[in-house]
Amino acid sequence: MEENNYKYMVCTRCMTYNHAPYIEDALRGFAMQETTFPVVYAVIDDASTDGEPEVLRKWVDENLEFENGASVWQDMPYGQLSVAPLKGKPLSLFVMLLLNENHYRMRKSKIPYIEEWQNRAKYLASCEGDDYWIVSNKLQMQVDFLENHPDYVLCHTDFEATSKRHTHYKEKFEDGNYIPGMFYFGFMIGTLTVMYRAETYKEIPKYYIGKGWPMGDKPLWYELARFGKIKYLPIVTAMYRILPTSASHFNDAEKQIRFKEAGLEITRFYADKYGIVLKNEGFTSAFYTSLLMYAFKFNSKELAEKYYHEAKSKKLLSLEGTLYFYAAKYQFVGKVVRLIITKLR
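Residues numbered from 1 in each chain as written. Predicted model: local features only at pLDDT ≥ 70, side-chain atom pairs only at ≥ 80, totals over all residues. Heavy atoms only, no water.

K.L.:
In this structure, what is going on with the overall build of the protein chain? I would like to understand it.
P.N.:
Each helix and strand counted, the protein chain has 13 helices and ten strands in total. The burial tally for the protein chain puts 52% of its 345 residues in the buried class. Within the protein chain, contacts between residues at least 6 apart in sequence are counted, and of these 72% link residues at least 24 apart. Carbon and sulfur atoms form 51% of the exposed surface of the protein chain, whose accessible area is close to 17500 Å². (Helix = DSSP H or I, 4+ residues; strand = E, 2+ residues; numbered from the N terminus. Buried < 20%, exposed > 50% of the residue type's maximum accessible area, 1.4 Å probe, protein only. Contact = heavy atoms within 4.5 Å. Areas by Shrake-Rupley, 256 points an atom, 1.4 Å probe, with all protein chains shown as cover.)

Structure, rendered in structure tokens:
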């Protein structure tokens, strides 16, 4: 661990907001990790209003080890901070931060508050407060791989979803080159499963800063993929919890569509940066199909009409998109389509 003055092998970042019913699952997933090296878990609550700070305080009191007389929580200009190892596991350090103000609404980064620990880690991992890990060797397994394969910059695994809708990865890029799959097949990475090199993260240009894109992980994978190979381990290590109002899932059609449009914008931005020619007809046709699917999902005849005629005028209307249009427009067709989707699950 002397290399580059690393104090921790891994720093796991857990950003959480209004996840009171779920955050303990994430914390249990961290606490269950068995490693032969020091790790740090940085948990940042973004001024939750659902009682999550109280859940975190209770967990800290019950699970972390403090020296006699040491203050459990320190008052900081930005909130309250608690730093201590897990009881019985001195190699597992927890950094718990309760912010006074919601930084997401302020468009203000939370990372500077944990740089003291993050900057001294060799690898970075992520798991948001509503997701959780389900195997005890996740970190050890990924570190072992990356330590033995210096030409790889990132390692990720398979995962399950609480909705049971997750389609397990079928594409395999044995050579570690993920660029074709990301641009041409929409192949992406489960953020809750990743581990990547901190030094590479420092080197990437971070074109996404200031773009205002609603997702920060997708552009990060595009940038890391240009700096080295990516390894997929076909092992389920985590559970992805799908909530109606989570960052990538909304119970509002227009929000879903704006999120989808941002994803398209990101892909086109990086394709242009990297000089990659997209198969525009098929690529954009799939985009319109997904918009019509959302219109159907949320029973929006208005949006269905809009995107149907838009896709048709551009000769980008697929058979599947047409089906979603009629399913949104006509109740009987919608019932049949929903029945078929239910049968296929």
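K.L.:
How should the sheet that holds strand β9 (residues 195-197) be read in this particular structure?
P.N.:
Pairing between sheet strands relies on hydrogen bonds along the backbone, with the strands arranged either parallel or antiparallel. Read from one edge of the open sheet, ten strands run β3-β4-β5-β2-β1-β6-β9-β8-β10-β7, paired in mixed fashion. Bordering the open sheet on either side are β3 (74-76) and β7 (132-133), each of which pairs with just one other strand. Pairing analysis gives two bridges linking strand β8 (residues 152-161) to β9, with the strands arranged antiparallel. In the sheet register, Cys 155 faces β9, and the bridge partner there is Met 195. Against the sheet, helix α1 (residues 23-31) touches β1 (8-16), β2 (39-45), β4 (79-86), β5 (89-99) and β7, its axis set at about 155° to β5. Strand contacts of helix α5 (residues 138-148): β1, β2, β6 (121-126), β7, β8, β9 and β10 (229-240), with the helix running at about 150° to β8, the strand carrying the most contacts. (Pairing = 2+ DSSP bridges. Axes fitted to C-alpha atoms, helices over the stretch in contact; angles between N-to-C directions.)

K.L.:
Help me out: how do you make sense of the pattern of salt bridges in this one?
P.N.:
Oppositely charged side chains may form a pair once their charged atoms are brought near each other. Under the counting rule described, the total for this entry stands at ten salt bridges. A salt bridge links Arg 28 to Asp 25; the shortest N-O distance between them is 2.6 Å. With Arg 28 and Asp 25 both in helix α1 and three residues apart, the pair spans about one turn of that helix. Assessed through its relative accessible area of 47%, Arg 28 is described here as partly exposed. Judged by relative accessible area, Asp 25 falls into the partly exposed class, the value being 22%. With a shortest N-O distance of 2.7 Å, Glu 147 and Lys 122 are connected by a salt bridge. (Salt bridge = Lys/Arg side-chain N within 4 Å of Asp/Glu carboxyl O.)

K.L.:
How do you make sense of the packing of aromatic side chains when you look at a structure like this?
P.N.:
Enumeration over the complete set of coordinates arrives at 21 aromatic pairs. Ring geometry for Phe 145 and Tyr 152: centres 5.1 Å apart, planes at 75°, overall edge-to-face. A relative accessible area of 8% means that Tyr 152 is categorised as buried. When the centroid spacing of 5.4 Å and the interplanar angle of 70° are considered together, the rings of Trp 213 and Phe 269 count as edge-to-face. Taken together, the residues Trp 213 in the loop between α7 (198-203) and α8 (217-225) and Phe 269 in helix α9 (residues 253-274) connect sequence positions 56 residues apart. There is no split in this pair, since Trp 213 and Phe 269 are both buried. Members of the aromatic cluster, each reached through a chain of ring pairs, are Tyr 207, Trp 213, Tyr 222, Phe 269, Tyr 270 and Tyr 274. Over the aromatic face of Tyr 201 sits the side chain of Arg 13, whose NZ or CZ is 5.5 Å from the ring centroid. (Phe/Tyr/Trp six-rings, centres within 6.5 Å; stacked < 30°, edge-to-face > 60°. Lys NZ or Arg CZ within 6 Å of the ring centre and 35° of its normal.)

K.L.:
Explanation requested: the packing of helix α11 (residues 301-313) against helix α12 (residues 319-329) in the structure shown.
P.N.:
When two helices pack together, their arrangement is given by the angle between the helix axes and the distance between those axes. Direction vectors running N to C along α11 and α12 enclose 150°, while the axes themselves pass 9 Å from each other. Here α12 runs roughly antiparallel to α11, going by the angle between their axes. The two elements α11 and α12 meet at a crossing, and its hand is left-handed. Contacts between α11 and α12 involve Lys 301, Ala 304, Glu 305 and Tyr 308 from the first element and Thr 322, Phe 325, Tyr 326, Ala 328 and Lys 329 from the second. The residue makeup of the contact of α11 with α12, split by class, is five nonpolar, one polar and three charged. (Parallel < 35°, antiparallel > 145°, perpendicular 65-115°, else oblique. Left-handed = near helix turned anticlockwise from the far one by under 90°. Nonpolar A, V, L, I, M, F, W, Y, C, P; charged D, E, K, R; others polar.)

K.L.:
Before we go on, may I ask you to explain the environment of Asp 217 in this structure?
P.N.:
Tracing the backbone through its elements, the reader meets Asp 217 in helix α8. The spacing of Asp 217 and Met 188 is 29 residues in sequence and 9.7 Å in space, taken between C-alpha atoms.

K.L.:
I tried to follow the nonpolar core on my own but got confused; where do I start?
P.N.:
The nonpolar side chains of a soluble globular protein tend to be buried with one another. Ranked by size, the top nonpolar core spans 48 residues in total, and within it Leu 154, Phe 183, Tyr 196, Trp 221 and Tyr 270 carry the most contacts. Among the elements that make up this core, the one with the highest residue count is α9 (seven residues). Core analysis: the second largest hydrophobic core is formed by 40 residues, Cys 14, Val 55, Leu 64 and Met 96 among them. (Core = buried A, V, L, I, M, F, W, Y, C linked by side-chain atoms within 4.5 Å.)

Any functional reading would require information that these geometric values do not contain.
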